[in-house]
Amino acid sequence: MSWGCEMSMALMVKAMCIKVGNPLRKLVLIKLADSASDAGEFTLDIFELALFCECSPIDAKSNFLALEREGFVKRITDASHIPSVFSFSFFGSVDGGGK
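*Asks:* Before we go on, may I ask you to explain the packing of aromatic side chains in this structure?
*Replies:* Here the distance between the centres and the angle between the planes together describe a pair of aromatic rings. Tallied over the entire structure, the rule returns four aromatic pairs. Their ring planes at 90° and their centres at 6.5 Å tell us that Phe 42 and Phe 64 sit as a pair that is edge-to-face. Of this pair, Phe 42 sits in strand S1 (residues 41-43) while Phe 64 sits in helix H4 (residues 57-69), placing them 22 residues apart in sequence. Residues Phe 42 and Phe 64 agree in their burial class; the two are buried. Considering the side-chain rings of Phe 64 and Phe 86, the 5.0 Å spacing of their centres and the 80° angle between planes classify their relative orientation as edge-to-face. One end of the pair, Phe 64, is in helix H4; the other, Phe 86, is in strand S3 (residues 85-88), and 22 residues separate them in sequence. Like Phe 86, Phe 64 is buried. Among the aromatic residues, those joined into a cluster by ring pairs are Phe 42, Phe 64, Phe 86 and Phe 88.

*Asks:* Hey, could you run me through the pattern of salt bridges in this one?
*Replies:* A side chain with one charge can pair with a side chain of the opposite charge if their charged atoms come near. For the structure shown, the criterion picks out one salt bridge. Glu 70 is the partner of Arg 25 in a salt bridge, and the nearest nitrogen-oxygen pair spans 3.4 Å. A residue pair is termed long-range when its members are at least 10 positions apart, and Arg 25 in helix H2 (residues 23-35) and Glu 70 in the loop between H4 and strand S2 (73-75) qualify at 45 residues. What makes Glu 70 partly exposed here is its relative accessible area of 25%.

*Asks:* Looking at this model, I keep getting lost on the nonpolar core. Mind explaining?
*Replies:* One broad rule of soluble globular proteins: the nonpolar side chains tend to lie buried together. Core analysis: the largest hydrophobic core is formed by 25 residues, its most contacted members being Leu 29, Leu 32, Phe 42, Leu 67, Phe 88 and Phe 90. Among the secondary structure elements, those contributing two or more residues to this core are helix H1 (9-17), H2, helix H3 (46-53), H4 and S3. Among the elements that make up this core, the one with the highest residue count is H2 (five residues). In contact with Leu 29, other than residues within four places in its own chain, are Ala 15, Val 20, Leu 67, Phe 88 and Phe 90.

*Asks:* Sorry if this is basic, but what is going on with the packing of H3 against H4 here?
*Replies:* At a minimum axis distance of 8 Å, the contact between H3 and H4 shows a crossing angle of 105°. In terms of their interaxial angle, H3 and H4 are classed as roughly perpendicular. The segment H3 lies against H4, with Ile 46, Phe 47, Leu 49 and Ala 50 engaging Pro 57, Ala 60 and Lys 61. Residue composition of the contact of H3 with H4, by class: six nonpolar, no polar and one charged.

*Asks:* Whenever I open this one, the pairing of S3 confuses me. Can you help?
*Replies:* The side chains of a regular strand alternate, residue by residue, between the two faces of the sheet. Taking every second residue as pointing to the same face, both faces of S3 are buried, with Val 85 and Ser 87 on one and Phe 86 and Phe 88 on the other. Of the pairings in the sheet, the one linking S1 to S3 comprises three bridges and is antiparallel in character. Bridging from a neighbouring strand, Thr 43 pairs with Val 85 of S3.

*Asks:* Is there a simple way to think about the packing of H1 against H2 in this case?
*Replies:* To describe two helices that pack against each other, one gives the angle between their axes and the distance between the axes. Their axes nearest at 8 Å, the elements H1 and H2 cross at an angle of 170°. When the interaxial angle is binned, H1 and H2 end up roughly antiparallel. Contacts between H1 and H2 involve Leu 11, Met 12, Ala 15, Met 16 and Cys 17 on the former and, on the latter, Lys 26, Leu 29, Ile 30, Ala 33 and Asp 34. Taken together, the residues of the contact of H1 with H2 sort by class into eight nonpolar, no polar and two charged.

Analysis parameters
- Residues numbered from 1 in each chain as written.
- Predicted model: local features only at pLDDT ≥ 70, side-chain atom pairs only at ≥ 80, totals over all residues.
- Heavy atoms only, no water.
- Phe/Tyr/Trp six-rings, centres within 6.5 Å; stacked < 30°, edge-to-face > 60°.
- Helix = DSSP H or I, 4+ residues; strand = E, 2+ residues; numbered from the N terminus.
- Buried < 20%, exposed > 50% of the residue type's maximum accessible area, 1.4 Å probe, protein only.
- Salt bridge = Lys/Arg side-chain N within 4 Å of Asp/Glu carboxyl O.
- Core = buried A, V, L, I, M, F, W, Y, C linked by side-chain atoms within 4.5 Å.
- Contact = heavy atoms within 4.5 Å.
- Axes fitted to C-alpha atoms, helices over the stretch in contact; angles between N-to-C directions.
- Parallel < 35°, antiparallel > 145°, perpendicular 65-115°, else oblique.
- Nonpolar A, V, L, I, M, F, W, Y, C, P; charged D, E, K, R; others polar.
- Pairing = 2+ DSSP bridges.

Structure below.
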């Protein structure tokens, strides 16, 4: 992840407005938005994410997977592609995320 260099302010604002039901999950979502391009795409580094969220890599990964399962983020490259590229499903609206 390139924290801050690719920052999308629009995505960060949208991430802050969405209810995800868990404070750590919200922080994960905001940090992912911070690392996303203006097109809403990002790669995932669980260890950097855990460092910035001040949690264990297991907690960072489980909260990221919950965001993916709930439809807030989606994988846009197949699982064999390294690094995997993800996108926000709420990129076009702020009315409740991917639900």
